Amino acid sequence: MGPFFSTLIRAQACGHQTAASDGTGRRWRERDECAGGQSLCDENAICTNTVHGHLCTCKPGYVGNGTICREPRVL
């Protein structure tokens, strides 16, 4: 899978940022886009912070792509 997908060896929290390393000696500042409403996720979505980004997933009972979540239409 490569170093990008490997487990973080060391992470140290600092507010909404984390100093992280992937075990190859490279370090970066990881920002929690989900904290404080910094993501573009819909209010009916769950924001999950990831390395170098975030994911938006609609909450149960809603459909959409995460940035737009709506109640499903009943036909």
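Just so it is clear, the structure is predicted and the values come from calculations on it, not from any experiment.

## Focus: the overall build of the chain
Right, so step 1: Counting its secondary structure elements, the chain contains zero helices and seven strands.
Right, so step 2: Starting at the N terminus and ending at the C terminus, the chain contains elements arranged as β-β-β-β-β-β-β.
Right, so step 3: The 75 residues of the chain split such that 24% are buried.
Right, so step 4: Within the chain, counting contacts between residues at least 6 apart in sequence, those at least 24 apart form 12% of the total.
Right, so step 5: When the accessible surface of the chain is totalled, it reaches about 5,700 Å², and 55% of it is carbon and sulfur.

## Regarding the side chain of Asn44
Right, so step 1: Within the fold, Asn44 resides in the loop between strand 3 (27-31) and strand 4 (45-50).
Right, so step 2: Among residues more than four places away in sequence, those in contact with Asn44 are Cys58, Lys59, Tyr62 and Cys69.

## Things to note about the state of the cysteines
Right, so step 1: Scanning the model with the defined rule gives three disulfides in all.
Right, so step 2: Linked covalently through their sulfurs, Cys58 and Cys69 form a disulfide whose S-S length is 2.1 Å. Between Cys58 and Cys69 the sulfur-sulfur dihedral comes to about -90 degrees; the bridge is accordingly left-handed. With a gap of 11 residues between them, Cys58 in strand 5 (residues 53-58) and Cys69 in strand 7 (residues 69-70) connect regions that are remote in the sequence. Like Cys58, the residue Cys69 is buried in the burial classification.
Right, so step 3: Once the disulfide-bonded cysteines of the chain are ranked by sequence position, their pairing pattern turns out to be 1-3, 2-4, 5-6.

Parameters and conventions
Residues numbered from 1 in each chain as written. Predicted model: local features only at pLDDT ≥ 70, side-chain atom pairs only at ≥ 80, totals over all residues. Heavy atoms only, no water. Helix = DSSP H or I, 4+ residues; strand = E, 2+ residues; numbered from the N terminus. Buried < 20%, exposed > 50% of the residue type's maximum accessible area, 1.4 Å probe, protein only. Contact = heavy atoms within 4.5 Å. Areas by Shrake-Rupley, 256 points an atom, 1.4 Å probe, with all protein chains shown as cover. Disulfide = S-S within 2.5 Å.

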